[in-house]
Amino acid sequence: MIYLFLLTSSFQTGSIYTYIGEVCISVNPYRQINCYNPETIRAYKGRQLFENSPHIFAIADAAYRIPRERRQDTCILISGESGAGKTEASKIIMKYIAAVTNVGGQNEIERVKNVLIQSNAILETFGNAKTNRNDNSSRFGKYMDIEFNFKGDPVGGIITNYLLEKSRVVQQQAGERNFHCFYQLLRGAADSELGQYDLIRDPSKYYYMNQGSMDILTEKADFKGANSAFKTLGFATDEVSTIWRIVAAILHLGNIEFQTIEDDLVITNRSHLKSAAKLLEVTEDDLSTALTERVIAAGGNVMQKYHNATQAEYGKDALAKAIYDRLFTWIISHINRAILFRGSKAQARFNTVIGVLDIYGFEIFDSNSFEQFCINYCNEKLQQLFIELVLKQEQEEYHREGIAWQKIDYFNNKVSTNRIICDLVEQPHKGIIAIMDEACLSVGKVTDETLLGAMDKKLNNHAHYSSRQLNPMDKELKHREDFRITHYAGDVIYNINGFLEKNKDTLYQDFKRLLHHSNNTHLSGMWPEGAQDIKMTTKRPLSAGSLFQRSIIDLVNTLQKKEPFYVRCIKPNDMKSSSVFDDQRVEHQVRYLGLLENVRVRRAGFVHRQSYEKFLLRYKMISQYTWPNFRAGNERDGVRVLIEEKGFSDDVKYGHTKIFIRSPHTLLALEEQRNSMIPHIVTLLQKQVRGWIARQNYKKMKAALFIIHAYRKYTLRAYIQQLAQSFRSAHNMKDYGRHIQWPKPPLTGRSAEQGLRRIYNNWRSYMILRKWPRSEWPQLRLQIIAATAIRSRRPHWGQQRKWLGDYLANSQENSAYLAYTSNVKNLKNSEAGEGFRSVLFSSFSKKFNKHNKQADRAFIITDGAIYKLDGAKNKFKNLNRSIAIKELTSISISTGRDQLIVFHCPSNNDLVFALQAENGTLKEDRIGELVGIVCKRYHDLNNCELRVNVSPTIACRLGGKARTIIIEGASGVENPNFRHAAGNIIYEVPAHYCV
C-alpha cells in the first residue's frame, strides 16, 4: 500500500506529519523532535495550509485564521488510539496559539494565555495515568473552547470534561498505575508536608497504589510544576492544601480494613481511619459510622442498617471514587472561573471560538469494562462525525453539483441496512444503555449476569453483538461473563462484571451528608446535596451511561456547528520505541480511521470548493471585469470571467452552485493577488464608510431624541395608570391605602414621583380630616407638627385642649388686653415690627437673663420673629429684643409638666422663658402649641425641620456662657421660680410637675 510506504519513509526520516486534504496525520515519534521552535512558528504563521511542508502548526494556523477572516467558529478534532500522541498534539496546538497572539503584550490577554497553558499541567496531574500503552494516558475526555476577540487575541475559554475513569482510583490492572497525583504527592512533597498528611514515601504501602506498577517517572518535577500552575491559575493557598489533603485522605481510605468479630463489623486499623477523618475534617466517629452502617428512609420512616464486610468495602471504594471525581470536577470549575471571558455581552458578540477536542482513543485491553465500553462508544460517534463531514458529504457534494465522480465505498457507522454500532449502544428501549438503565430500575435482585441475559434476549439478532450464550462454539468468550461488540476499530470483548454498579454509580447518602458537614468549606461545597433532609424524597438521578450518552450527543452537536480540522494520530508500535514501525499495526489504524477512503476521495477530488456568490465576493477585486460589481450575467458567469482572465481554467470545474479548484497552487495564487489589492480597497472603503457612519449617526441621534421624548411620555403615562390601578380601592380602606406598596417609578418618572406622592398624601389627609370641621383643621395641623417634633418624649403638652394662640388679646386671659392690642398695633406699624402680618402666639412669661435675674415679661410670636415685651404694669412696652424665627438653631423643653422653653439663638444668648398666667401659674399646658407654631413657621421659611430637644435638664448659653437649667420639684412651691446655684440655673416647680 503506497500510503503506508509514505508513512514509513516519513517516520524513518523524522517527518512525522503528512496531509490527506486538510486532515493532518501525526505519527508518534516516541522521542523529542526539534520542529516546534520559534523559527518554525514564524515559518507557519499566516501561511496557507499547503505553502509549507505538512505540520500541525499549519492546521492550528488555519483554524486560527478562519475566525479572524470569516467570523466563523472552528474546531480541531484530535483522535487516535491510546498512546498515539493526542494529548501532546493538543499541547502543541495551544503552544502555537499562545505564540502567535497578543503581539501588543496586553496583561489580561497574557494572563489568559498563561492560564490556558498552565491548566494542562493540572489536568494531566489529576486526569492522566500510566497505562500499558502510554505513560501519560488521558483517563478523561477534554474539550476546550478558546474565545478570541475581534483582533484574534485569546480573551477567555471554558473546559468541559467527559467520563473520568474514577474506577482507577481503587483498582488498576497489572502494569498500570493510579492517577499521577498520588505518586507526585508521595515522591515530590517535602518530608514535613508528608508528615502533616500522615504519609510515607513508599507507594507499595498503600492498597490503592500497590495493585499495579511502581514505575518512577518525573514525579518530583511534575509536583513542583502542578503547584506552580495552581498559583498561576489563582488557586488560594488553602484551596491547594485542600486538594492535597483530599488526595492523601483517599490513600488512607484505601488502607482501612474491615473484620467481622462475633457478628459485629469493626475497623481493625483505626490509625488510617483517624488520619482520613483528620484530613477530611470530619470526626473519627462520624466517618466510622458512615463506613460501617447506613440510614435508610422509606415512607417517612428512618431505619438503620449495618453493613457486612463486603458491603463496607464496596461503600469505602465508592466513597474514594466519588471524592476524587468531585475533586476533579471542582478543579476544572475553578480553572474555568480563571479563564472565563470577563468582557461585556456587547463585546462578546464579536468574539469567535476555536474548539480543541482531546478525548480518549479507542481502547482494547486484556480486560475491558464499563469505562472501555463508554470510551469506545464515544469514538464511534466521533468516527461517524468524521465520515459524515469528510467522506460522505464530500462524495454527495460532487454528485449534487454534477461533477464527474467515481463513487468510493466507505464504512458508514450510522446509515446501514442492519442495526449499526451507534444504534446498538444508544437506541431508545433497545440499545445497550437503555437495557442497562432498565435493569437498574428493576425491583428485586438484579445481577450483572441478569443484565447479560437481558442483552442477549434483545440483541440476539444484531450483527455486531455476540456472547457465549448466543454462540456456544465461540470459546474465546467466557460463559455468562463476556460479550463481544464488532466496532469499526475491531472486535472488543467486554466483561459484564461491574457494569450494573458502575452504571448506577451508587453512593450512600450518609457519605454525602458526612462530607457536606466537613469543617473544610471547600470540601463541604463539593457536596451540596448533603444538606437535604434525610426524609426528603429525591428524584432518581440519571445513570452514568445515560449522562455520558447525553454529553457525547451535545458534544457532537457543538462540533457540527463549527468548521472542523482533523488531526489523526497514529501509533507506530506497541513497544513505545522510536525506531520500530509496525506495518501491520499501523495498517490496522489507517483502515479503521477511514484514512484510505479519505485518500481516495481527495486524490480523485478537489482541494477547495466554494459557492459562486462567496467566491466572487472574495476575489472580485483582482479582475477589472468583476470589480466593483459584475453586471454582465449571474455569479457563475462572473466567476468564469475571472478564472479565464487569470488563466486557471484548466484547474477548475464548475458545478451547479459551486466552483471546484483542484490544485492548492491555484488557490494560493488567487489569495496572493487578493492580498495585494486589499490595502488599496481598505483605504477607499474607509473613506466611504466613515462618511456613511457619520450620516447614520446624525440620523440616529435625531431619531433617538424623538424616541426618548415619546418613550418618556409613554412610561410616565403607564406609571400613572399603574398607580391608579394600585390605589383604585384605597377610598374603601381603613387606612386609605397607606399599606399599599408604592410602585417603583421608571427612570423617566422619578422627577414626577414626589409630586404624585404629594397629591396622594393631600388626598389621604383630606379623607382623614373631613371628619372634623374645617375650622379645627389649623389646630390639627399644628398638633401634628408638635407631635412629630416632640416624638412622645413629653407625655403632656396640651394636646387635649383647644388652642387659641394670641392669649394676651383675650380679655379672660389678660385684663389689660386693650393696652396690649394698642401696643401690638404700634409695633406692627413701626420699623422694629418689620411689617408682620399677624400674631400667632402670645403669653405672659417669667424670663431669666444672663445676669441671673428673673422678671415677669410677655412675648409674642409673629409670622417672622419672636418679640419680648414688658409686663402688664408697663403696658407691654416693646423691649427692643427680637429673634428672627428663621435664625433659630433649636428649641429645648423639659419632659415634665412645667412650661419652660428655651429658644436657642446663633448669637449665643438664648431666650429662657417659662409660660405663666397673668396672676401666677398656668392651669393648662401650652408648650405643645408654642412648639407647633414655631416649628411650622420655621419650616415655611427655611424648608427644613427645626430641631426640638426634650430632656430633664436643658443646656443653654446666656451672655456667651454655657449654662445648665435643672428642673427641681419642691414641696411648698406654688409658683415656679428661677434661682442661681453654683453656676447652674435651678427652676423650682411644684413637686407634682415632675411626676
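What this report covers is the structure whose coordinates are included nearby. (Residues numbered from 1 in each chain as written. Predicted model: local features only at pLDDT ≥ 70, side-chain atom pairs only at ≥ 80, totals over all residues. Heavy atoms only, no water.)

Turning our attention to the sheet that holds strand β2 (residues 23–27). If you trace the seven strands from one edge of the open sheet to the other, you get β1-β2-β16-β3-β12-β6-β7, paired in mixed fashion. For this open sheet the edge positions go to β1 (17–20) and β7 (154–162), each flanked by a neighbour on one side alone. Strand-to-strand twist across the sheet, computed as the mean angle between neighbouring axes with direction ignored, equals 20°. In terms of strand pairing, β1 meets β2 through four bridges, oriented antiparallel. The residue bridging Tyr17 from the neighbouring strand is Ser26, located in β2. (Pairing = 2+ DSSP bridges. Helix = DSSP H or I, 4+ residues; strand = E, 2+ residues; numbered from the N terminus. Axes fitted to C-alpha atoms, helices over the stretch in contact; angles between N-to-C directions.)

In this section: the environment of Arg245. Structurally, Arg245 can be placed in helix α9 (residues 237–254). Distance in space between the C-alpha atoms of Arg245 and Ile117 is 25 Å, their sequence separation being 128 residues. Setting aside chain neighbours within four positions, we find Arg245 in contact with Tyr197, Lys278, Leu279 and Glu281. (Contact = heavy atoms within 4.5 Å.)

On inspection of all chains with the given rule, the structure shows 43 salt bridges. In this structure, Arg65 and Asp61 form a salt bridge, with 2.5 Å as the shortest nitrogen-oxygen distance. Here the residue Arg65 and the residue Asp61 both occupy positions in helix α3 (residues 56–70), the gap between them amounting to four residues, near one helical turn. Each member of the pair, Arg65 together with Asp61, is buried. Put simply, Lys576 and Asp135 hold a salt bridge, and the shortest N to O gap is 2.8 Å. On the criterion of sequence distance, the pair formed by Lys576 in the loop between β16 (563–570) and α22 (583–592) and Asp135 in the loop between β4 (128–129) and β5 (137–138) is long-range, its members being 441 residues apart. If you follow the salt bridges from partner to partner, you end up with Asp61, Arg65, Glu69, Arg618 and Glu671 in one network. (Salt bridge = Lys/Arg side-chain N within 4 Å of Asp/Glu carboxyl O. Buried < 20%, exposed > 50% of the residue type's maximum accessible area, 1.4 Å probe, protein only.)

Before going further, it helps to examine the sheet that holds strand β17 (residues 608–611). Ordered by their spatial adjacency, three strands build an open sheet running β17-β19-β18, and the pairing between neighbours is antiparallel. Every other strand in the sheet has two partners, leaving β17 and β18 (652–654) as the edge strands with one partner each. Within this sheet the neighbouring strands show an average axis-to-axis angle of 20°, counted without direction. The pairing of β17 with strand β19 (residues 658–661) spans four bridges and is antiparallel. Paired with Gln610 across the two strands is Ile659, which belongs to β19. Sheet contacts for helix α24 (residues 612–619): β17, β18 and β19; angle to β17, the most-contacted strand, approximately 100°. Running over the sheet, helix α25 (residues 635–646) touches β18 and β19 and is turned about 160° from β18.

What follows concerns unusual backbone geometry. Cis peptide bonds are those with omega within 30 degrees of zero, and the linkage from Trp627 to Pro628 qualifies with 0°. Residue placement: Pro628 occurs in the loop between α24 and α25. Unusually for a residue other than glycine, Arg791 sits at a positive phi of about 55°. Summarising the element assignment, Arg791 is placed in the loop between α28 (777–790) and α29 (817–829). Since its relative accessible area comes to 55%, Arg791 is described here as exposed. Positioned with a positive phi, Phe876 is a non-glycine residue whose angle comes to about 55°. As for its placement among the helices and strands, Phe876 is situated in the loop between β22 (865–869) and β23 (878–884).

Once that is clear, we can look at the packing of α28 against helix α30 (residues 927–942). Running from N to C, α28 and α30 cross one another at 95°; their axes reach a closest spacing of 8 Å. If you check the angle between α28 and α30, you find them roughly perpendicular. Where α28 abuts α30, its residues Arg781, Leu782, Ile785, Ala786, Ala789 and Ile790 lie against Gly928, Val931, Gly932, Ile933, Cys935 and Lys936. The class makeup of the residues in the contact of α28 with α30 is eight nonpolar, two polar and two charged. (Parallel < 35°, antiparallel > 145°, perpendicular 65-115°, else oblique. Nonpolar A, V, L, I, M, F, W, Y, C, P; charged D, E, K, R; others polar.)

Turning next to the packing of helix α16 (residues 432–441) against helix α17 (residues 448–458). Between α16 and α17, the least distance of the axes is 10 Å, while the angle of their chain directions is 135°. Classified by the angle their axes make, α16 and α17 are oblique. Both α16 and α17 take part in a crossing whose hand is right-handed. Counted together, Ile432, Ile435, Met436, Glu438 and Ala439 of α16 and Leu451, Ala454, Met455 and Lys458 of α17 form the full contact between these two elements. Grouping the amino acids of the contact of α16 with α17 by side-chain chemistry returns seven nonpolar, no polar and two charged. (Left-handed = near helix turned anticlockwise from the far one by under 90°.)

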